[in-house]
Amino acid sequence: MNAAQSIKILPARAASITVAGTGSAAPAPLACDRNSLAGSVTQRACAFCGSRVILYPIADALHLVHGPIGCAAYTWDIRGAQSSGSQLFRNSFSTDLQEMDVIYGGEKKLGAALRELIARHSPKAAFVYSTCIVGLIGDDVEAICKEVSAATGIPVIPVASEGFKGTKKTGYRAACDAVYRLIGTGDIGDLPPVSINLLGDFNIAGETWVIRDYFKRMGVHVVATLTGDGRVDAIRRCHGAKLNLVQCSGSMTSLAKMLEKDHGIPFRRVSFFGIEDMSAALYEVAAFFAPQDPGLPGRTQTVVREEIEKLMPELRRYREKLAGKKAAIYVGGAFKAFSLVRALRTLGMTTALVGTQTGDKDDYEMLRQMCDPGTVIVDDSNPLELAKFCLEKDVDLFIGGVKERPIAYKLGIGFCDHNHERKEALAGYVGMLNFAREVYASVMSPVWQYTPRRAQRHAPRHHEEAAA
Ligand code: SF4
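Not measured: the values here are computed from a predicted model.

Quick notes on the rules
- Residues numbered from 1 in each chain as written.
- Predicted model: local features only at pLDDT ≥ 70, side-chain atom pairs only at ≥ 80, totals over all residues.
- Domains from an automatic or database assignment.
- Helix = DSSP H or I, 4+ residues; strand = E, 2+ residues; numbered from the N terminus.
- Nonpolar A, V, L, I, M, F, W, Y, C, P; charged D, E, K, R; others polar.
- Buried ≥ 20, exposed ≤ 12 C-beta atoms within 10 Å, placed from the backbone.
- Pairing = 2+ DSSP bridges.
- Axes fitted to C-alpha atoms, helices over the stretch in contact; angles between N-to-C directions.
- pLDDT = per-residue confidence, 0-100.
- Contact = placed C-beta atoms within 7 Å.

Thoughts on the domain arrangement of the protein
Domain annotation for the protein reports domain 1 (3-28 + 323-423), domain 2 (47-180) and domain 3 (195-308). Inter-centroid distance (C-alpha atoms) of domain 2 to domain 3 is 28 Å. The element contributing the most residues to the side of domain 2 that touches domain 3 is helix H7 (residues 168-180), with six residues. Split into classes, the residues belonging to the side of domain 2 that touches domain 3 amount to 12 nonpolar, four polar and four charged.

Section: the pairing of strand E10 (residues 326-331)
Among the six residues of E10, five are classified as buried, and the element is accordingly described as predominantly covered. When E10 meets strand E11 (residues 350-356), the two strands line up parallel, connected through six bridges. Of the residues in E11, the one forming a bridge with Ala-327 is Thr-351. In the sheet, E10 pairs with strand E13 (residues 397-400) via three bridges, with the strands oriented parallel. In the strand pairing of E13, Ala-328 is matched with Phe-398.

A short note on the sheet that holds strand E9 (residues 267-269)
Spatial strand order, E7-E6-E8-E9: four strands in an open sheet with parallel pairing. Among the strands making up the open sheet, the edge pair consists of strand E7 (221-227) and E9. Averaged over all pairs of adjacent strands, the angle between their axes in this sheet comes to 20 degrees, without regard to strand direction. The sheet contact formed by strand E6 (residues 195-201) and strand E8 (residues 243-246) spans four bridges and is parallel. Bridged to Leu-198 within E8 is Leu-245.

Quick notes on the environment of Gly-412
On the secondary structure map, Gly-412 appears in the loop between helix H16 (405-411) and strand E14 (414-417). A count of 17 C-beta atoms within 10 Å places Gly-412 in the partly exposed class. Put simply, Gly-412 and Ile-154 are 258 residues apart on the chain and 51 Å apart in space, counted from C-alpha to C-alpha.

Observations concerning the confidence of the model for the protein
When pLDDT is averaged along the protein, the result is 92; 96% of the residues meet or exceed 70. Predicted confidence is poor over residues 460-468, with pLDDT under 50, and the contacts of this stretch with residues over four places away or in other chains come to zero contacts.

So this is what it looks like as structure tokens:
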């Protein structure tokens, strides 16, 4: 029995795993969009973490974690969001609840912490995150926020993100509800008619600036970015935009729907990863505004052509070396997974395993259609399953985040960090080139031939070399 065969899948997880291009013409939908199975160590984080991911890049807001200090460990230091101005968001403030607070309640401590921090840092707004213990002891966070807001004159917004409340996706929803309280409170009188909001881009390694630059060259005004390099005053005005682009669909679609319902702003799901999807996103905007601005499609073509011309020569060189290599993808949202499957194809690589933490039925149907026959597709996976399929498929690369990195390295597989911890821009055309460089460096590294699994693969070559 080999290593992959020795790893057993929990029987109740079988419905959340499928293989593309096999079985009946109309396979049963993948079991997804539900709570994680007890006993399966999910790669998902808690609801609080989901909220924090979404809101913390709002750079001039105060972010206060109401709970024990351990929850606050989830700081800027392990994320890559950048700010062009205020650095307040990089602080990880916590009420540091202790045993006595749990017994007598943490409301007084929360009120005092908020007053002190607002006086010291003069933020434009404050977000207060509820953690598990706050949900258990029943602190009235809403009332404290209201009281402090009245006393200080800034919006103090509770985030109902108790960790146990559901999945990371529950936290996304809580974050959208919280930030929505700001929207509609700013003056939109001076906004131009060709204007958009970017939803679900978090300015990891400056990616929002890359995307903003494309729109600037096209002549499209960006009102607000949610939440990468986010500013409270810009978010207050984002109901004045004429179109919302939703890049991280899992996290921001609910906000886009609220803006559509209450303010009549349509939205488009897009991705800024890979040449195809980046270009499709720009052309989507151009087509939307073409009736008001007939020159926009032409200007968009110019931007796309200029950018692609810059990166193609180097990209071709990587493609020659990477052709035929196999990759595993495990990411948070499905739209990123779609883009990565396409981006790997641009590099001549195939996807042998793909999964997400938050995909829904339609997302997995889309993956099933776009992946090559034999590709394993998984929802809400765990380290053992991921290791099993990586071994079975003998992949050369794993694309994931901080929790997938050790799985790859223990198996002796190249790794590309595509999560918020990365320090390299992977969005836009320049991001595609960075992605290709990183994939090439990791997959082609000579180090893998010294790991036990790869040593077997390389053994014949060493033998041939010795004979020669
Ligand atoms: S699960 Fe609860 S205790 Fe753990 S980090 Fe999330 S909010 Fe904090």
